[in-house]
Amino acid sequence: MKNKIKIHFIGISGIGMSGIAELMKDKGYQIQGSDITINDNTNRLKKKGIKFFLGHSKKNIKFADAVVFSSAIKKNNPEIKAAAEKKIPLLSRADMLSELMKNKKSIAIAGSHGKTTTTSLIAHIFTEAELDPTYIIGGRILGMEDKSILGSSDYIVVEADESDASFLHLNPEISVLTNIDNDHLDFYENNPKKISDTFLKFLEKLPFFGVGIICTDDPKSKKLYQKLSRRKISFGFERTSDFSIKNYKQTKSHQEFILKDNIKKFEFDIKLKIPGKHNALNATAAFIVAQQAGIQTSVIKNSLKNFSGVSRRFEEKGTVQINGKEVLVVDDYGHHPTEIKSTIQAAKSKYKGKPINMIFQPHRYSRSSILFKEFISVLSDTDSVQLMDIYSAGEANTSGISSYDFVDSLLRKNIDAKYAKNLNQIRKNLNESIKKDSILIIQGAGNVSDITASLMAIGKNEKS
């Protein structure tokens, strides 16, 4: 029956939605979708034979048997309204994810930051262990781009979305909590306590035989760990954690540390290609999950060592020539102050003494306004920064904030900050401020990655 059932995805270009659409296509369903933007996700789906509609219209769902919508889609969307009128089953992304997880050995990774990398690390380890998991992740694992995300085993690894509390629909057997931060405050009524309470509800949904794996370096996560009534394992740099990181060292080629199991009194030497202490924590969470699944330690360690990273998560795109100077370009999705801080720290740790330049596209007016001071603080740690227009993500600008506010505040702190409307202006600014052997980080969750592709193409031409 599957090949006769047509499922329409509203907002299919989003990374989370595109992953589920791809999975359902691999399962044999007829898949189509619509969105207001075309990106790499859209193009990948088109290559798989998935029909795409640019823009939203009630005509798009004319022959649909079910409609799936992302959390970004408003209730007044014409396709949502038409589906309701025609009594076509409507499912949220979380509803669909919950259905996919039923009767599976399910692992869900939650947290304000680090979800995508941690989920990818787990999927990579399970794949290397020949467990052939199904995985749904907000990014593409480098080196595994062409692999089907539909596995043949009972294991399913998913990234849990807290942005609208939809992860409460999920019922995993293993849950990971990376950290809790003040994000998506517009949904949580600007109340950080509501965010923490929702994460606790998520973890309390674990079955009696399940386990919560929680980073207790983070103060909010530590409080939650103390409250949680389910079986739990703590990890972090703190010596008191069940699994603690010690002897941490970052080199140009890799990072290494000793992971100590304080319960069984074992120690493990860990190596990672991807830089940053935040990734040491992500790898530790993945290590514990893999152990819980019974994967051999040698396989886990080797998988972590060989993991190449995730698209747009400190993704080193290569060197280019900018005004005759060789520059390393790094592409990163982070759009919250904590994420940007981790990116800058990783770059400074790996490339000691090199100038750090950034092109940053703020994401959402609400986040830019609520966390403005935090943004200014972390951006001040760069040698130069260009601010693109704020990516609205469909929001109205009720606060009246703009990227000029960022530039003005940074200039008052004597930071080399400039506004950049487009690629031409970015190139002009770079020619004026870039130094030899610089690191150029292109940062943000909107369409700023288009700038990465353009600069790489232009820079390589200049280099040749």
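Preceding block: the structure.
The following refers to the structure shown. Numbering of residues starts from 1 in every chain and runs along the sequence as written. Restriction of local features to residues with pLDDT of at least 70 applies here, the model being predicted, together with a cutoff of 80 or more for giving and counting side-chain atom pairs; totals for whole chains, interfaces and linings are based on all residues. Side-chain metrics in this entry use all non-hydrogen atoms of the structure; hydrogen atoms and water are not considered.

Per-residue accessibility, obtained with a 1.4 Å probe over protein chains only, is compared with the maximum for each type, and a residue is labelled buried under 20%, exposed over 50%, and partly exposed between these values. Put simply, DSSP marks the helices as runs of H or I at least four residues long and the strands as runs of E at least two long, and each gets a number from the N terminus on. When you tally the buried positions in strand 13 (residues 255-261), you get five out of seven residues, the bulk of the element. The pairing of strand 12 (residues 243-250) with strand 13 spans six bridges and is classified as antiparallel. Counted as the bridge partner of F243 is D261 from strand 13. Between any two strands, pairing holds if DSSP finds at least two bridges. Connecting strand 12 to the next strand, strand 13, in antiparallel fashion are four residues. Sheet analysis places strand 13 next to strand 14 (residues 266-272), joined by seven bridges and oriented antiparallel. Within strand 14, the residue paired with D261 across the bridge is F266. Connecting the antiparallel pair strand 13 and strand 14 is a turn made up of four residues, with K265 showing a positive phi of about 65°.

Tracing the sequence through the fold places A160 in the loop between strand 8 (155-159) and strand 9 (174-177). For A160, a relative accessible area of 0% translates into the label buried. Whether two residues touch is decided by their heavy atoms; if any such pair falls within 4.5 Å, the residues are in contact. Dropping the residues within four chain positions of it, A160 is found in contact with A108, I109, A110, K115, F167, L170 and F202.

Spatially, 15-16-20-17-18-19 is the arrangement adopted by the six strands of the open sheet, whose pairing is mixed. Since the sheet does not close on itself, it has two edges, and those belong to strand 15 (315-322) and strand 19 (416-419), each with one partner. Adjacent strand axes in the sheet meet at a mean angle of 20° when their direction is disregarded. With six bridges connecting them, strand 16 (residues 325-332) and strand 20 (residues 438-443) associate as parallel partners. When the sheet's bridge partners are listed, V329 is paired in strand 20 with L440. Helix 13 (residues 403-412) rests against strand 18 (384-387) and strand 19 of the sheet, and its axis sits at about 160° to strand 19. To obtain each axis, a line is fitted to C-alpha atoms, and for helices this fit is confined to the stretch in contact; angles are then taken between N-to-C directions over 0 to 180 degrees. Relative to strand 19, helix 14 (residues 423-433) is tilted by about 160°, and along the sheet it contacts strand 15, strand 17 (356-360), strand 18, strand 19 and strand 20.

Once that is clear, we can look at the pattern of salt bridges. The salt bridge criterion pairs a side-chain nitrogen of Lys or Arg with a carboxyl oxygen of Asp or Glu, the two atoms within 4 Å. Summed over the entire model, instances satisfying the criterion amount to 18 salt bridges. The partner of R230 in a salt bridge is E204, and the shortest N-O contact between them spans 3.7 Å. Of this pair, R230 sits in the loop between helix 7 (219-227) and strand 11 (232-236) while E204 sits in helix 6 (residues 192-204), and the two are 26 residues apart along the sequence. By relative accessible area, E204 is classed as partly exposed at 22%. In this structure, E316 and K350 form a salt bridge, with 2.9 Å as the shortest nitrogen-oxygen distance.

The description of two helices packed together rests on the angle between their axes and the distance between the axes. It is at 9 Å that the axes of helix 5 (residues 115-128) and helix 9 (residues 297-306) come closest, and there the two elements cross at 125°. For the element pair helix 5 / helix 9, the angle class is oblique. Crossing of helix 5 against helix 9: the hand is right-handed. For the pair helix 5 and helix 9, the contacting residues are L121, H124, I125 and E128 in the first and V299, I300, S303, L304 and N306 in the second. Class assignment for the residues of the contact of helix 5 with helix 9 results in five nonpolar, three polar and one charged. Each angle gets one of four labels, with under 35 degrees taken as roughly parallel, over 145 as roughly antiparallel, 65 to 115 as roughly perpendicular, and the rest as oblique. Left-handed is the label given to a crossing in which the near helix is rotated counterclockwise from the far helix by less than a right angle, and right-handed is the label when the rotation is clockwise. By the convention adopted, Pro, Cys, Tyr, Trp, Phe, Met, Ile, Leu, Val and Ala count as nonpolar, Lys, Arg, Asp and Glu as charged, and the other residues, Gly among them, as polar.

Two numbers describe how helix 1 (residues 15-26) lies on helix 4 (residues 93-101): the axes approach to 11 Å, and their chain directions differ by 40°. The angle between the axes of helix 1 and helix 4 places the two elements in the oblique class. Considering the relative orientation of helix 1 and helix 4, their crossing is left-handed. Along the contact surface, helix 1 presents G16, M17, I20, L23 and M24, while helix 4 presents R93, M96, L97 and L100. Among the residues making up the contact of helix 1 with helix 4, the classes are represented as seven nonpolar, one polar and one charged.

Time to look at the sheet that holds strand 3 (residues 51-54). In space, the five strands of this open sheet follow the order 3-2-1-4-5, with parallel pairing throughout. Among the strands making up the open sheet, the edge pair consists of strand 3 and strand 5 (90-92). Within the sheet, the average angular offset between the axes of one strand and its neighbour, ignoring direction, is 20°. As defined by bridge partners, strand 1 (residues 6-10) adjoins strand 4 (residues 66-69) across four bridges and the pair is classed as parallel. Note on strand 4: the bridge partner recorded for H8 is V67. Relative to strand 5, helix 4 is tilted by about 85°, and along the sheet it contacts strand 1, strand 4 and strand 5.

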